[in-house]
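# Topology and contacts: notes
The residues making up each chain are set out below.
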Amino acid sequence: MFLTNYIKEVYGAVKSLLKGMRMTGYYFTHHKEIITEQYPDNRDTLKLAERFRGEVVLIHDEKNEHACTGCSACEIACPNGTIKIINKFDILPDGKRKKAIDTFVYHLELCTMCNLCIEACPTDAIKMAQTFEHSVFDRSKLTKKLNNEGSKLREGVE
Amino acid sequence: MFSLEGATGLIHQWLYSHFNPTMALLTEFALVGLSAITLFALLGLSLVWMERKVAAVMQIRLGPNRVGPKGIFQTTADTLKLILKEGLVPDGADKLIFNLAPFVVMIVAMLILAPIAFAKKFQIWDINIGVLYLSAISSLSVIGIFMAGWASNNKYSLLGAMRSGAQIVSYELSAGLSVLSIVVMTGSLSINDIIVSQQNGWWIFKAHIPALISFVIFIIAVTAETNRAPFDMAEAESELTAGFHTEYSGMRFALFFLAEYINIFIVCAIGATLFFGGWMPFHIGHWQSFNHIMDYIPSSLWFFGKTIGLIFLIMWFRWTFPRLRIDQLLNLEWKYLLPISMFNLLLMTIVAIMGWHF
């Protein structure tokens, strides 16, 4: 009984090792699909993965409108205080006060690209951009204001 | 037709006709040493490049591709960098042994080169106990590794060296037994006799199943002996930073690095000699015309082709198999390889006595 198990073990080991070698051997002989990106050379044709996370951006449409209601869900969701939302209150014609964002502050230098803010956003106002060339000479340039000048909340987004 | 035998014969005659015998002999020594060093340098450069390319292609990458066409000058550039680098000796190190260790490793690698036949009648030293000499010298390289690990005065280095010792002690056994099975078939310890006995077919074909088993055991054991992944316990980048050569830098490190690749070449050359007939061309039994065509390929090409094939096999192992833990490594040797190779030796002896081989 012991001997059968022993031989079985050796057989199984050899078989699985050969299976592995077949896999790498296949890659060695089929030299077509290369995953290496020769980055600075192919900068114009560079294709990034769909879910690549470069930095957080606030989506603006062509009328310079965004979907951020200033609810601060992203600010609460952020684990390391990357986002700071400063709100203002617009006075509507009927005298009611309506909350709107004044500044969407984003500290790129603190961001870990964890994607939690994007998941927390109830109106899908922010997303992860594909840009990744973030190096600058001054740290203060990494603190960004995400909402464009004069932009306002899109109609119908609550 | 070009043959290395003719070249050495010419040099030998010229030297003996122009100088007195002592001077001629000394010049020959110097020439042999010089060509061995040249071979080492060339092997180091080309094998490191080959390893990196093979690794890259197996992992669907490109590998070195910037320095020269297909990156062939990458290793030259690396070597230049290592030469220019400062060779630091730690304060707590045992200076003499620390400096000596890389040279011991290299000298051992050079000594093993002596009985290997590179081509027909092209051998540094044809001794009648070639195989015994090989197995005796090849286990000496662990002394260099031990010296390096001990003299570094570093816990990681010492652990790496100790592991290397355990590894060599255990794997030397099954390597020796698998070599012995070929000696049983040939009935001679001389490298030359072993090659000549494969005139009508290589041992791996002639002695069929037992030879195949002993070849597999041999290739596993020598992978372990040269401290290569999946048996890189002595280096263990991920656990011991670099094991015995953690404290080495510059040219001393380069010597260790070179010795690793030289050792791979040497063990593959031994494997090619024992199982694939060394420089012997591929012959099939009594097919005279086929054998004659094969004879036209120079014997040195046969030898290097077979050796590089085996080196590729070992590289293939490295980039496929997961690493073993130290206890798994020793289990593999003592519980599997050693019993199997002992049984296989018995089988081989029966095959040899009954004449069941071709």
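For clarity, every value in this text was computed on a predicted model and none was experimentally measured.

All right, on to the overall build of chain B then. For chain B, the count of helices and strands is 15 helices and two strands. Overall size of chain B, expressed as C-alpha extent along the three principal axes, is 65 × 60 × 45 Å. A burial count over chain B gives 39% of its 358 residues as buried. For chain B, contacts bridging at least 24 residues in sequence account for 78% of all contacts bridging at least 6.

Our focus in this paragraph is the interface of chain A and chain B. With 12 residues of chain A at the contact, the number on the chain B side is 10 residues. Along the lines of polarity and charge, the residues of the side of chain A that touches chain B split into seven nonpolar, four polar and one charged.

Next up on the list: the nonpolar core. Of all hydrophobic cores here, the largest spans 80 residues; its most connected members are Val105(B), Ala221(B) and Phe265(B). At 18 residues, the largest contribution of residues to this core is made by helix 12 (residues 250–276) of chain B. If we ignore the near neighbours within four places in the chain, the residues touching Val105(B) are Ser141(B), Gly144(B), Ile145(B), Leu255(B), Phe256(B) and Ala259(B). Judged by nonpolar contacts, the second largest core, of 16 residues, contains Cys68(A), Ile83(A), Cys121(A) and Ile126(A).

Next up on the list: the pairing of strand 1 (residues 55–58) of chain A. All names here are of chain A. The two faces of strand 1 differ: Val56 and Leu58 on one face are buried, but Glu55 and Val57 on the other face are not. When strand 1 meets strand 5 (residues 126–129), the two strands line up antiparallel, connected through four bridges. Note that in strand 5 the partner of Val57 across the bridge is Lys127.

This part takes up the packing of helix 10 (residues 208–225) of chain B against helix 15 (residues 326–354) of chain B. All names here are of chain B. Where helix 10 contacts helix 15, the axes come no closer than 9 Å and their chain directions differ by 145°. By crossing handedness, the relation of helix 10 to helix 15 is classed as left-handed. Touching Pro210, Ile213, Ser214, Ile217, Ile220 and Ala221 of helix 10 are Leu337, Ile340, Ser341, Asn344, Leu347, Met348 and Val351, all from helix 15.

To continue, consider helix 12 of chain B. Residue and element names in this part refer to chain B. Between its first and last C-alpha atoms helix 12 spans 38 Å; for 27 residues at 1.5 Å apiece the expected length is 39 Å, and the two agree. Within helix 12, 23 of the 27 residues are buried, which leaves it mostly tucked inside the rest of the structure. Positive backbone phi, approximately 75°, marks Gly277, located one or two places after helix 12.

On to the environment of Ser157(B). All names here are of chain B. Relative to the helices and strands, Ser157 is located in helix 7 (residues 155–186). Owing to 27 C-beta atoms within 10 Å, Ser157 belongs among the buried residues under this scheme. Through-space distance from the C-alpha of Ser157 to that of Glu247 is 7.8 Å; in sequence the pair is 90 residues apart. Once residues within four sequence positions are removed from consideration, Ser157 is found in contact with Ala148, Gly149, Ser152, Gly243, Phe244, Thr246 and Glu247.

Let us now look at the pairing of strand 4 (residues 97–107) of chain A. All names here are of chain A. Judged from the nine bridges that link them, strand 3 (residues 83–91) and strand 4 form a sheet pairing that is antiparallel. Each bridged residue has a counterpart across the sheet, and for Ile83 the counterpart in strand 4 is Tyr106. Between the antiparallel neighbours strand 3 and strand 4 lie five residues, among them Gly95 with a positive phi of about 90°. Both strand 4 and strand 6 (residues 143–145) contribute to a ladder of three bridges, which runs antiparallel. From the neighbouring strand, Val105 faces strand 6, where its bridge partner is Lys145.

Let's shift gears to the domain arrangement of chain A. Here the domain parsing of chain A yields domain 1 (1–33) and domain 2 (55–153). In this structure, domain 1 of chain A and domain 2 of chain A have C-alpha centres spaced 53 Å apart.

This part takes up the sheet that holds strand 4 of chain A. Residues and elements named next belong to chain A. Read across the open sheet, the three strands follow the order 3-4-6; overall the sheet is antiparallel. Two strands close off the open sheet at either side, each with one partner strand: strand 3 and strand 6. Within this sheet the neighbouring strands show an average axis-to-axis angle of 25°, counted without direction.

Residues and elements named next belong to chain A. Unusually for a residue other than glycine, Ser72 sits at a positive phi of about 70°. By the secondary structure assignment, Ser72 is in the loop between strand 2 (65–66) and helix 2 (73–77). Classification of Ser72 by C-beta neighbours within 10 Å gives partly exposed; the count is 16. The phi dihedral of Asn115 falls on the positive side, at around 75°, and the residue is not glycine. Mapped onto the fold, Asn115 is located in the loop between strand 4 and helix 3 (116–120). In this structure Asn115 comes out as partly exposed when scored by C-beta crowding, with 14 C-beta atoms within 10 Å.

The subject of this paragraph is helix 10 of chain B. With 18 residues, helix 10 of chain B extends 25 Å between its outermost C-alpha atoms, agreeing within 8% with the 26 Å of an ideal straight helix rising 1.5 Å per residue. Within helix 10 of chain B, 14 of the 18 residues are buried, which leaves it mostly tucked inside the rest of the structure.

Another aspect to go through is the confidence of the model for chain B. The predicted coordinates ought not to be read in detail in places where the model reports low pLDDT. Per-residue pLDDT for chain B averages 83, and the proportion of residues at 70 or more is 97%. At the level of chain-chain contacts, confidence expressed as ipTM amounts to 0.71, with global pTM at 0.81.

Once that is clear, we can look at the environment of Pro281(B). All names here are of chain B. By the element assignment, Pro281 lies in the loop between helix 12 and helix 13 (288–295). A count of 18 C-beta atoms within 10 Å places Pro281 in the partly exposed class. Residues Pro281 and Ser300, 19 residues apart in the sequence, show an inter-C-alpha distance of 9.8 Å. Aside from chain neighbours lying at most four places away, what touches Pro281 is Met294, Asp295, Ile297 and Trp302.

Reading the values: the criteria
Residues numbered from 1 in each chain as written. Chains lettered and ligands numbered in written order. Predicted model: local features only at pLDDT ≥ 70, side-chain atom pairs only at ≥ 80, totals over all residues. Helix = DSSP H or I, 4+ residues; strand = E, 2+ residues; numbered from the N terminus. Buried ≥ 20, exposed ≤ 12 C-beta atoms within 10 Å, placed from the backbone. Contact = placed C-beta atoms within 7 Å. Nonpolar A, V, L, I, M, F, W, Y, C, P; charged D, E, K, R; others polar. Core = buried A, V, L, I, M, F, W, Y, C linked by C-beta atoms within 7 Å. Pairing = 2+ DSSP bridges. Axes fitted to C-alpha atoms, helices over the stretch in contact; angles between N-to-C directions. Left-handed = near helix turned anticlockwise from the far one by under 90°. Expected span 1.5 Å × (residues − 1). Domains from an automatic or database assignment. pLDDT = per-residue confidence, 0-100.

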